[in-house]
Amino acid sequence: MQSKPVTLTILDVVSIILLGISTYLALVFAPTELVMGDVQRVFYFHIGTAWTALLGFILAAVFSVIYLVKKDLKWDRYQVAAIEVSLIFFFITIVLGSIWARPAWNTWWTWDPRLTTAAVTELIYIAYFMLRQGIDDPDRRARFGAVYALVGGLSAPITFFAIRLFRTIHPVVIGGANAEAEGGFSMTADMRVAFFFALFTFTIIFIDLFWNRIRLGDLQEKVEQLKLKVTM
Amino acid sequence: MANGQPNAQPPSGNFIKAVSAVVWKDLQAEFRSRELFSAMLVFSLLIILIFNFALELDVETRRSVTSGVLWATFAFAGTLGLNRSMAIEKDRGCLDGLLLAPVDRSAIYFGKVISNLAFMLIVEIIVLPVYSVLYNINLFQPGLLMVILLGSIGYVGVGTLLSTMSVQTRTRDILLPILLFPVVVPVLLAAVKASNGFLEGLELSEFLLPINLLIAYDIIFIAVAFMVFDNVVEE
């Protein structure tokens, strides 16, 4: 049995502490936004989770290419880990965004480019896991997963630019007003501290979860091999 | 081996010959059975019928939703065709036969894309006049036909790659639309915008962007599918 690396245990603890500090900074330390009030505080975690989710999706597309070239299952496990963690983070981003949008835009949801792309991206990666679930052979599962993650990873940004471009040309669609009216604001120094600390925190949490998930994948792989050995 | 293929062993260097052999085989099999075509066509007409009830397509609504209804119809009917066309290969072991042929694997991809595209275009060519007659709207405009062609190329290009994967899974009957729809959102989006532009008689410059996007999408995704197709048929 492979024991848990000490660095990973330390990273777990650090992640929890950082999350605690970041929560304090976002909820107590940062000043209350004048117009929107306390609901603006979800912003810090909203951006934190969104940034790490996008980082994970980009990593996953890179792992796709590496896997398809090298055909080493290690890269497949990295890819699954990145997508799984990112999928959850992105879901949190959407939920936090909706909580903010209800008082700020007076609606839980609008079909704005970012929101639409977020929804489509979530659906792409849910489909990714449904595809993987239907395949038993690990090599084939890895190949199909890599191909789909690559196609999805290319399509998601095109969706974003497509919606944004068209709506710039046809500004009648919802959300065509300027940034200030949509709930934009400028950050004070204290807000910036909370903001960048949240970014840092979620990056560390992402690395920690990513690492844990890769380790889990490695152990699953080992279990599979042991099972094969027993049956043979 | 696949039925109706005139030349069972095309020389490995002859790419075009291999592609046309695959296309020919598919078309001939389809002309004999007509099961794919009739299913897609009847399904398309049913979807239009459902939209008619669901949206109360009166004159005012029709103007704004025609391109949306058309593309939703094509997208749904398209999945039916894509799924069936690959499932036939898988069921009767034809895919293995095709893979054994001493040709480049991408020739199989392009062959399937062209035959799938042909089925889709034939269905579209029949749906358009039917829709025109039912709703008294002229859909035979060269611009609109070009958009339909470009949109169908992108849709089928990605769809052929994904249906090749989905038929090899346990959940093959339900998986294709789930895999395909989120990925072809840009195609549907751009195609609806561009079709609307032509139907409303706008200046070309106002909807040139979606047309460019369609062309870019077609090129990017067919190139990607061409590069990765080996990986989805490898045994």
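This text gives an overview of the structure that appears in the document.

Rules of the game
- Residues numbered from 1 in each chain as written.
- Chains lettered and ligands numbered in written order.
- Predicted model: local features only at pLDDT ≥ 70, side-chain atom pairs only at ≥ 80, totals over all residues.
- Heavy atoms only, no water.
- Helix = DSSP H or I, 4+ residues; strand = E, 2+ residues; numbered from the N terminus.
- Buried < 20%, exposed > 50% of the residue type's maximum accessible area, 1.4 Å probe, protein only.
- Contact = heavy atoms within 4.5 Å.
- Areas by Shrake-Rupley, 256 points an atom, 1.4 Å probe, with all protein chains shown as cover.
- Phe/Tyr/Trp six-rings, centres within 6.5 Å; stacked < 30°, edge-to-face > 60°.
- Buried area = accessible area lost by both parts, 1.4 Å probe.
- Salt bridge = Lys/Arg side-chain N within 4 Å of Asp/Glu carboxyl O.
- Nonpolar A, V, L, I, M, F, W, Y, C, P; charged D, E, K, R; others polar.
- Patch = residues over 30% accessible without salt bridge, like charges linked within 9 Å, V, L, I, M, F, W, Y side chains within 5 Å.
- Core = buried A, V, L, I, M, F, W, Y, C linked by side-chain atoms within 4.5 Å.

**A few points about the overall build of chain A**
Next, step 1: The number of helices and strands found in chain A is 6 helices and 0 strands.
Next, step 2: For chain A, the α and β elements follow one another from N to C terminus as α-α-α-α-α-α.
Next, step 3: For chain A, the spread of C-alpha atoms along the three principal axes comes to 70 × 45 × 25 Å.
Next, step 4: For chain A, the proportion of its 232 residues judged to be buried stands at 47%.
Next, step 5: Restricting the contact set of chain A to residue pairs at least 6 apart, pairs at least 24 apart contribute 77%.
Next, step 6: In the structure as shown, chain A presents an accessible area of about 12100 Å², 70% of it carried by carbon and sulfur atoms.

**Regarding the packing of aromatic side chains**
Residue and element names in this part refer to chain A.
Next, step 1: A complete count under the given rule lists 28 aromatic pairs over all chains for this structure.
Next, step 2: Relative to Y125, the ring of F57 has its centre 4.3 Å away and its plane inclined at 5°; by these criteria the two rings are stacked. Of this pair, F57 sits in helix α2 (residues 42–70) while Y125 sits in helix α4 (residues 113–133), and the two are 68 residues apart along the sequence. One exposure class covers both F57 and Y125, and it is buried.
Next, step 3: Taking 5.6 Å as the distance between ring centres and 15° as the angle between the ring planes, the aromatic pair formed by F206 and F210 counts as stacked. In this pair, F206 and F210 are both assigned in helix α6 (residues 189–231), 4 residues apart and thus about one turn of the helix distant.

**Observations concerning the interface of chain A and chain B**
Next, step 1: On the chain B side, the residues contacting the 29 residues of chain A number 31 residues.
Next, step 2: Carbon and sulfur atoms make up 75% of the area that chain A and chain B hide from each other, which totals about 2800 Å².
Next, step 3: Between the two partners, chain A and chain B, sit 1 salt bridge.
Next, step 4: With a closest N to O distance of 2.7 Å, B:R170 and A:D136 form a salt bridge.
Next, step 5: For the side of chain A that touches chain B, the leading source of residues is helix α5 (residues 138–169) of chain A, giving 16 residues.
Next, step 6: Residue composition of the side of chain A that touches chain B, grouped by class: 20 nonpolar, 5 polar and 4 charged.

**Observations concerning a nonpolar patch on the surface**
Residue and element names in this part refer to chain A.
Next, step 1: Taken together, the side chains of Y24, L27, V28, F29 and V193 make up a nonpolar region of the molecular surface, amounting to roughly 470 Å² of accessible area.
Next, step 2: The leading source of residues in the nonpolar patch is helix α1 (residues 6–29), at 4 residues.
Next, step 3: Under the relative-accessibility criterion, L27 is labelled exposed at 53%.

**With respect to the nonpolar core**
The tendency in soluble globular proteins is for nonpolar side chains to be buried side by side.
Next, step 1: Counting 134 residues, the largest nonpolar core has A:Y44, A:Y148, B:V158 and B:L161 as its most contacted members.
Next, step 2: Top element by residues in this core is helix α3 (residues 73–105) of chain A. It accounts for 13 residues.
Next, step 3: The contacts of B:L161, once residues within four sequence positions are left out, are A:V147, A:V151, B:Y109, B:A225, B:V228, B:F229 and B:V232.

**Observations regarding the pattern of salt bridges**
Oppositely charged side chains may form a pair once their charged atoms are brought near each other.
Residue and element names in this part refer to chain B.
Next, step 1: Under the defined criterion, the tally for this structure stands at 13 salt bridges over all chains.
Next, step 2: Between K25 and D26 there is a salt bridge, with the nearest N and O atoms lying 2.6 Å from each other. The same class applies to K25 as to D26, namely buried.
Next, step 3: A salt bridge links E89 to K25; its shortest N-O distance comes to 2.6 Å. Here the residue E89 occupies a position in helix α3 (residues 59–91), and K25 occupies one in helix α1 (residues 15–33), the gap between them amounting to 64 residues.
Next, step 4: The buried category is assigned to E89, whose relative accessible area is 2%.
Next, step 5: Given a relative accessible area of 4%, K25 falls into the buried group.

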